[in-house]
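What follows is the residue order along each chain.
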Amino acid sequence: MKELLKVTGLNVVFDTPAGRVHANRGINLMVNENETLGLMGESGCGKTVLFLSLLRLQQPGRIVSGSIVFDGRDLTKLTTSEMQQVRGRQIALVPQDHSTALNPAFTVGQQLNEALLVRDNGGGLWKTSLIGCSGRGSQAFQEEVKAVLGELALGDLVDTGRLLGRYPHQLSGGIRQRVLIAMALLGHPRMLIADEPTTALDRASRVQTLEVLNRLCERMTMLIISHDLDAIRTTCERVAVMYGGRIIETGPMLSVFRNPRHPYTRLFLSCQKFSRGDVLPEVTGDVLNLIDFPLGCSFHPRCPRAMPVCSELEPAEVHVDDTMVACHLYATGETTC
Amino acid sequence: MERHQHPAAAVASKAVRYLIVLFVIISLNFLLPRLMPGDPVMNVLGEEAYYGSPEVLEELKAEWGLDGPLYVQYFRYLGNYLKGDWGHSFLCMRPVSEAIGLHLRWTLALVLPAIILGALLAAIAGALAAWYRKSKLDIGFSATFLSFYSMPHYWLAMVLLFVFGFLLGWFPLGKVTSGDTTGLAYVVDVGWHMVLPLGLLTVSKAAYDFLVVRNSVISIYGEDYVLMAQAKGLSQMAVLFKHAVRNALAPLVTVTAIQFGAILSGTLMIEIVFSWPGMGTMIYEAIGARDYPVLQGAFFIIAVCMLVANFIADMVYVWLDPRTR
Amino acid sequence: MARLRQVMQGNKARWAGIAMLVLFILCAMLAPWIAPLDPWEFGPAFLRPSTTNLLGTNDVGQDIFSELLYGARNSLLVGFAAALLSVSLGAIVGLVAGFRKGILDDLLMGATDVFLVMPMLPLAILVSVYLGPSIWNLTLVIGLLWWPSTARVIRSQVLSIRESGYVESARALGASDLWIMRRHVLPNVVPLLMAKFVLTVAVAMLMEASLSFLGLGDPIAKSWGMMLRYAFLRGGFVGGLWWWYAPPGLAIGLCILSLTLISFSIEEKSDPRLKRVLER
């Protein structure tokens with residue numbers, strides 16, 4: 001298997017009036033070609049900053065150190081215009097909130113056409129101006145959109161020509177979500193980042209979107225950010241769990257789900273599993289404050305199995321069987337960092 | 001509130017509002033000379049007629065509907081106004097409607113291009129200032145436009161005319177043409193005379209709009225669709241001028257409608273300095289001669305212009321923001 | 001650090017505005033003491049600036065610098081008096097309309113709408129022409145015509161406060177209208193009124209200058225608009241005597257600028273949303 005994306009020691013900070021926020025701290029992450037990686041973690045753990053950093057859209061945050069090697073090139077070293085060629089054409093994004101991610105002033109067709117123009121002509125202002133055009137575009141454009149929509153199980157559901165003339169507010173959430181996926185696919189990207197693809201949807205649309213994702217992950221590299229365990233389970237081969245700006249556990253999906261090693265992962269998974277049951281276990285304590293870190297492991301104030309060493313030393317990443325864990329419970333004595 | 005209305009109902013309620021405004025304005029025109037201190041006869045007919053011979057005065061009174069009870073006078077007045085009979089100018093020796101027709105086109109020749117060019121200038125400058133906010137460019141633009149916003153237009157006109165007309169001699173000292181030219185030469189001549197007043201009005205209009213565009217673009221920059229546009233691989237300028245500015249246009253149109261009266265007043269004032277034969281110069285001369293019918297007619301027609309501008313702004317707004325359709 | 005600089009910058013603009021305005025007000029108040037000459041006294045005409053006549057003299061030999069100082073009095077007086085009148089009117093209409101929904105609200109807002117699309121300058125010209133030239137007529141005309149925008153803003157503010165969660169819950173707890181008005185509405189409306197007042201002073205001063213320039217001001221009284229009028233009419237402009245027409249225009253402009261800066265900073269302070277936008 002070939003590595004497509006390899007993130008090493010990525011540090012991202014935000015300078016705010018209240019102080020410096022360390023949103024990502026020494027992230028190590030790897031995604032193989034044609035593999036689907038699921039990224040899990042509670043709100044505010046830094047997953048959003050991580051995937052935005054992959055596209056170098058983390059502003060006003062700054063990447064202070066680390067590398068993001070994609071297909072042999074370090075993205076942190078690219079110029080702005082080189083980076084623009086990566087966005088959409090190499091790495092495409094399916095955003096979380098379908099209700100705000102489409103520009104309300106343009107038709108669906110205009111916005112899909114834009115993705116196509118970017119792919120074929122680059123993202124310059126003149127080459128992509130289509131303010132005046134109907135958005136229905138050429139025959140070839142129509143065919144291509146139809147094909148992609150067909151793949152998204154929308155081909156039979158809607159009349160493509162009519163859909164292209166619609167404005168985002170005239171569509172249902174499920175359709176908008178799939179328009180966004182189609183927009184990402186039209187750029188023929190090597191990798192797709194899907195941010196919470198199922199959270200903002202109703203039940204029926206969620207099931208359909210899951211099917212679509214399932215089909216897509218057969219043929220392309222994907223990074224799915226979600227706390228919907230069903231979505232992760234059905235699509236991902238490997239998972240990574242984030243807490244406090246760090247990846248605290250990563251490994252094959254089945255292995256992590258069946259035998260979570262990090263105490264946080266255990267709690268996180270049990271919370272989600274019980275979400276339809278009656279007794280809700282909870283991760284006690286406050287959500288982490290990313291400005292004033294506790295000394296040592298960032299999870300130790302909330303950790304049910306905290307040891308004295310946890311409040312003194314940041315745990316190193318250690319390999320246990322096929323997974324990687326950053327926890328003192330598994331420390332072997334030698335430190336790697 | 002209007003969002004829940006049927007479109008036709010919204011148009012109808014708007015139309016009713018406009019009709020009320022017109023009615024109020026005509027009534028004001030009727031009432032003002034009769035309510036204000038002084039003899040209404042003099043207020044309507046002007047001094048010259050008033051101090052003429054009594055027989056002529058009686059004749060004039062009958063002619064201009066100043067005899068009979070007030071309500072009769074009122075309905076006659078209303079009827080005359082709607083027929084397009086707005087009285088007679090003493091100064092120009094012609095019907096008011098004719099005098100206004102002659103001057104209005106020159107005012108519109110300044111105002112309409114200034115509004116479009118000014119909005120364009122504000123859109124570009126405001127977007128750039130928003131993108132490079134807190135930079136020297138932003139501060140420079142803000143300071144320039146704020147100065148133009150603060151200074152009285154007619155004073156700026158005097159300064160411009162002094163510098164570019166008197167000192168440098170690049171542009172003519174006023175009026176619309178320099179003499180008898182026809183065809184293309186006429187157009188070029190008029191264009192040359194237009195440079196200073198139109199330039200000044202354009203920048204003034206942009207000064208009204210600049211902050212609005214800047215602030216809306218800044219707030220639009222936090223929207224998800226802007227992030228999405230960047231993630232698609234669009235260049236910064238494409239994101240800025242296509243996605244952000246496009247959505248800042250609707251507030252721009254609203255401001256244009258609100259500020260239309262101010263920009264029109266500015267035009268009236270600078271016309272006087274540039275001896276531009278528009279409504280402003282006409283009003284100025286009418287004030288000097290106490291030519292009341294002309295002032296009333298000007299008030300009426302400018303109000304109509306305001307209503308038309310509001311109506312157009314409403315239409316354009318709906319066109320710009322698909323969500324309001 | 002960056003934030004500190006931002007705050008300083010915001011403050012800088014405000015303090016510059018306040019300093020300028022205070023300077024103008026001082027000039028206006030102290031004019032009889034600091035003016036070097038009597039601005040009504042005739043003398044040799046069209047003098048260039050010199051040590052005796054800092055800005056030269058006009059067509060009838062009056063000292064322009066002294067005229068400028070005295071002019072501040074009428075210009076500011078008209079501005080403040082007209083703004084006080086119009087903002088009070090607007091506030092009353094806005095508060096009443098916002099508080100008493102129903103017919104009264106519809107009527108008042110109908111009237112406001114009508115006034116809002118009415119061209120103010122031509123109407124002010126028309127009324128002034130009938131009333132005759134006088135400072136007080138100008139004040140009255142501007143004050144009585146300029147209230148609708150204040151009324152509209154205040155009403156929408158009152159409505160949004162009325163419908164907000166905390167007022168609803170106060171009402172549910174049995175708070176009276178008067179108490180809600182004092183406790184919740186006024187504190188939210190006062191900063192808005194202040195911003196509106198400052199802005200209206202600017203508008204009124206510009207209007208006064210325009211009307212005076214058109215010949216509708218008191219020909220004897222000294223005001224910046226009248227100075228501009230005479231400089232324009234009596235050869236100051238054509239003769240290139242910039243020291244005659246430049247100072248009054250600049251004075252009006254700087255006054256408006258200072259008022260605008262002040263009103264921006266009040267608005268910014270009272271509207272956190274706006275502040276967020278400005279600070280980003």
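Each chain has its residues counted from 1, running along the sequence as written. Each chain is given a letter, starting from A, and each ligand a number, starting from 1, according to the order in which they appear as written. Thresholds applied to this predicted model are a pLDDT of at least 70 for local features of residues and 80 or more for the giving and counting of side-chain atom pairs; totals over whole chains, interfaces and linings are not thresholded and use all residues. The side-chain figures draw on all heavy atoms in the structure; neither hydrogens nor water molecules are used.

**What to know about the nonpolar core**
And then number 1: By size, the foremost hydrophobic cluster in this structure holds 128 residues, and its most contacted members are B:Phe260, B:Val273, B:Met279, C:Ile125, C:Phe213 and C:Trp224.
And then number 2: Each helix is a run of DSSP H or I of at least 4 residues and each strand a run of E of at least 2, with the numbering of both proceeding from the N terminus. At 13 residues, helix 13 (residues 292–320) of chain B tops the list of elements feeding residues into this core.
And then number 3: Those residues within four positions of B:Phe260 in sequence are excluded, and the remaining contacts are B:Val111, B:Ile115, B:Cys305, B:Met306 and B:Ala309.
And then number 4: Residue types Ala, Val, Leu, Ile, Met, Phe, Trp, Tyr and Cys, when buried and joined through side-chain atoms within 4.5 Å, form a set referred to as a nonpolar core. Relative accessible area decides the class of each residue, using a 1.4 Å probe on protein chains only: under 20% of the type maximum gives buried, over 50% gives exposed, and in between gives partly exposed. One finds A:Val145, A:Met220, A:Ile232 and A:Phe268 within the second-largest nonpolar core, a separate group that totals 54 residues. In this analysis, two residues are considered to be in contact whenever any of their non-hydrogen atoms come within 4.5 Å of each other.

**Examining the state of the cysteines**
All names here are of chain A.
And then number 1: Any two cysteine sulfur atoms lying within 2.5 Å of each other are counted as a disulfide. This model, assessed by the stated rule, comprises 0 disulfides over all chains.
And then number 2: Cys 236 takes part in no disulfide bond, and the closest cysteine sulfur to it belongs to Cys 217, at a distance of 7.5 Å.
And then number 3: Exposure remark for Cys 236: the relative accessible area of 5% places this residue in the buried category.
And then number 4: You can see Cys 297 has no disulfide; the closest cysteine sulfur is in Cys 310, sitting 6.0 Å from it.
And then number 5: The buried category is assigned to Cys 297, whose relative accessible area is 11%.

**Looking at the sheet that holds strand 10 (residues 246–252) of chain A**
All names here are of chain A.
And then number 1: Should DSSP find at least two bridges between two strands, the strands are regarded as paired. The strand order 6-7-8-3-9-10-12-11 describes an open sheet built from 8 strands, whose pairing is mixed. Looking at which strands have only one partner, the edges of the open sheet turn out to be strand 6 (91–94) and strand 11 (318–320). The mean angle between the axes of side-by-side strands here comes to 20°, regardless of whether they run parallel or antiparallel.
And then number 2: With 5 bridges connecting them, strand 7 (residues 191–195) and strand 8 (residues 221–225) associate as parallel partners. Across the sheet, Ile 193 pairs through a bridge with Leu 223, a residue of strand 8.
And then number 3: Orientation is described by lines fitted to C-alpha atoms, with helices fitted over the stretch in contact, and by angles between N-to-C directions that extend from 0 to 180 degrees. In the packing of helix 7 (residues 203–219) onto the sheet, the strands contacted are strand 3 (36–40), strand 7 and strand 8, and the crossing angle to strand 8 comes to about 140°.

**Describing the side chain of A:Arg206**
And then number 1: Residue placement: A:Arg206 occurs in helix 7.
And then number 2: The residues touching A:Arg206, leaving out its near neighbours within four places in the chain, are A:Thr198, A:Leu201, A:Asp228 and A:Asp230.

**A closer look at the pattern of salt bridges**
And then number 1: Note on definitions: salt bridges are taken to be side-chain nitrogens of Lys or Arg within 4 Å of carboxyl oxygens of Asp or Glu. Enumeration over the complete set of coordinates arrives at 28 salt bridges over all chains.
And then number 2: Taken together, the shared-partner salt bridges in this structure form one network comprising A:Lys2, A:Glu33, A:Asp71 and A:Arg190.

**Brief notes about the interface of chain B and chain C**
And then number 1: Between chain B and chain C, the residue contacts involve 51 residues of the former and 47 residues of the latter.
And then number 2: A 1.4 Å probe defines the accessible area here, and the buried area is the portion of it lost by two parts on being joined, summed over both. Taken together, both faces of the contact between chain B and chain C bury some 4600 Å²; the carbon and sulfur share is 77%.
And then number 3: The interface formed by chain B and chain C contains 1 salt bridge.
And then number 4: The residue B:Arg17 makes a salt bridge to C:Asp113 at a minimum N-O spacing of 3.9 Å.
And then number 5: Throughout this description, a polar contact denotes any pair of N or O atoms lying within 3.5 Å of each other; where both atoms belong to protein, one of them has to be capable of donating a hydrogen while the other can accept it, and for residues adjacent in sequence the pair is counted only when both atoms sit in side chains. Counting across the interface, chain B meets chain C through 5 residue pairs in polar contact (both at pLDDT 80 or more).
And then number 6: For the side of chain B that touches chain C, the secondary structure elements donating two or more residues are helix 1 (7–35), helix 7 (136–150), helix 8 (153–167), helix 9 (183–220), helix 11 (236–273), helix 12 (279–289) and helix 13 of chain B.

**Observations concerning a nonpolar patch on the surface**
And then number 1: Without a salt bridge and with relative accessible area above 30%, a residue can belong to a patch; like charges are then joined within 9 Å and nonpolar side chains (Val, Leu, Ile, Met, Phe, Trp, Tyr) within 5 Å. Accessible areas in this description were obtained via Shrake-Rupley with a 1.4 Å probe; residue shielding takes into account the shown protein chains only. On the surface, B:Phe166, B:Leu167, B:Leu168, B:Trp170, B:Leu173 and C:Val238 cluster together to form a nonpolar patch covering roughly 610 Å² of accessible area.
And then number 2: Tracing the backbone through its elements, the reader meets C:Val238 in the loop between helix 9 (224–233) and helix 10 (242–270).

**With respect to the domain arrangement of chain A**
Residue and element names in this part refer to chain A.
And then number 1: For every domain, the bounds stem from an assignment made automatically or drawn from a database. Entries for chain A in the domain assignment read domain 1 (1–90 + 189–337) and domain 2 (104–188).
And then number 2: Taken residue by residue, the interface counts 15 residues in domain 1 and 16 residues in domain 2.
And then number 3: Summed over both partners, the interface of domain 1 with domain 2 comes to about 1200 Å²; 58% of that surface belongs to carbon and sulfur atoms.
And then number 4: On the domain 1 side of the interface with domain 2, the three residues burying the most area are Arg 89, Pro 189 and Val 212, jointly 38% of the side's total.
And then number 5: For Glu 151, the salt bridge is made with Arg 219, and the minimal N-O distance between the two is 2.8 Å.
And then number 6: Between the two partners, domain 1 and domain 2, sit 4 residue pairs in polar contact (both at pLDDT 80 or more).
And then number 7: Per element, the largest residue contribution to the side of domain 1 that touches domain 2 is 7 residues, and it comes from helix 7.
And then number 8: As a working rule, the residues Ala, Val, Leu, Ile, Met, Phe, Trp, Tyr, Cys and Pro are called nonpolar, Asp, Glu, Lys and Arg charged, and the rest polar, with Gly in that last group. In the side of domain 1 that touches domain 2, the residues fall into 7 nonpolar, 4 polar and 4 charged.

**Let's talk about the confidence of the model for chain A**
Predicted coordinates in areas of low pLDDT are best not read in detail.
All names here are of chain A.
And then number 1: The quantity called pLDDT is the predictor's confidence in a given residue, expressed from 0 to 100. Averaged over all residues, the pLDDT of chain A is 83; the fraction at 70 or higher stands at 88%.
And then number 2: Overall, residues 131–135 carries pLDDT values under 50, and its contacts beyond four positions in sequence, including any with other chains, amount to 12 contacts.
And then number 3: Per-residue pLDDT stays below 50 along residues 275–280; that stretch engages in 5 contacts with residues further than four places along the chain or on separate chains.

**Regarding the packing of helix 6 (residues 96–131) of chain B against helix 12 of chain B**
All names here are of chain B.
And then number 1: Following both chains from N to C, one finds helix 6 and helix 12 inclined at 135°, their axes separated by 7 Å at the closest point. Classified by the angle their axes make, helix 6 and helix 12 are oblique. Residues Ala 99, Ile 100, His 103, Leu 104 and Thr 107 of helix 6 touch helix 12, and the partners they reach there are Met 279, Gly 280 and Met 282.
And then number 2: By residue class, the composition of the contact of helix 6 with helix 12 is 5 nonpolar, 3 polar and no charged. Throughout, the term roughly parallel applies to angles under 35 degrees, roughly antiparallel to angles over 145, roughly perpendicular to angles from 65 to 115, and oblique to all others.

**Topic: the sheet that holds strand 4 (residues 62–70) of chain A**
Residues and elements named next belong to chain A.
And then number 1: A sheet is described by the order of its strands in space; here 4 strands give the open sequence 2-1-4-5, paired in antiparallel fashion. Of all the strands in the sheet, just strand 2 (19–32) and strand 5 (73–74) have a single pairing partner and so form its edges.
And then number 2: Here strand 4 pairs with strand 5 via 2 bridges, running antiparallel. Of the residues in strand 5, the one forming a bridge with Phe 70 is Arg 73.
And then number 3: Along the sheet, helix 1 (residues 47–54) makes contact with strand 1 (3–16), strand 2 and strand 4, crossing strand 1 at roughly 115°.

**A word on helix 7 of chain A**
Residues and elements named next belong to chain A.
And then number 1: Expected helix span is given by 1.5 Å per residue-to-residue step, counting one fewer step than there are residues. End to end, helix 7 covers 25 Å across 17 residues, agreeing with the expected 24 Å (1.5 Å per residue, within 8%).
And then number 2: The complete set of buried residues in helix 7 reads Ser 205, Arg 206, Thr 209, Leu 210, Val 212, Leu 213, Leu 216 and Cys 217.
And then number 3: The inward-facing, buried residues of helix 7 contact strand 3, helix 4 (139–151), helix 6 (173–186), strand 7, strand 8 and helix 8 (229–235).
And then number 4: The distance from a side-chain oxygen at the start of helix 7 to the backbone nitrogen of Ala 204 is 3.2 Å, and the residue carrying that oxygen is Asp 202.

**Let's talk about the side chain of A:Thr235**
Residues and elements named next belong to chain A.
And then number 1: Secondary-structure assignment places Thr 235 in helix 8.
And then number 2: Looking at Thr 235, the relative accessible area reads 5%, which means it is buried.
And then number 3: Polar side-chain contacts of Thr 235 include one of 2.6 Å to the backbone oxygen of Ala 231.

**Let's talk about unusual backbone geometry**
Among all residues save glycine, negative phi is the norm, and among peptide bonds the norm is trans.
And then number 1: The backbone phi angle of A:Asn34 is positive, close to 65°, even though this residue is not glycine.
And then number 2: Among the secondary structure elements, A:Asn34 is positioned in the loop between strand 2 and strand 3.

**Digging into the pairing of strand 3 of chain A**
Moving residue by residue along a regular strand, the side chains alternate between the two faces of the sheet.
Residues and elements named next belong to chain A.
And then number 1: When you tally the buried positions in strand 3, you get 5 out of 5 residues, the bulk of the element.
And then number 2: Here strand 3 shows a buried face lined by Thr 36, Gly 38 and Met 40 and a second buried face lined by Leu 37 and Leu 39.
And then number 3: Pairing geometry for strand 3 and strand 8, over 4 bridges, is parallel. Of the residues in strand 8, the one forming a bridge with Leu 37 is Leu 223.
And then number 4: As judged from the 4 bridges shared by strand 3 and strand 9 (residues 238–243), these two strands associate in the parallel manner. Along strand 9, the bridge assignment pairs Leu 39 with Ala 240.

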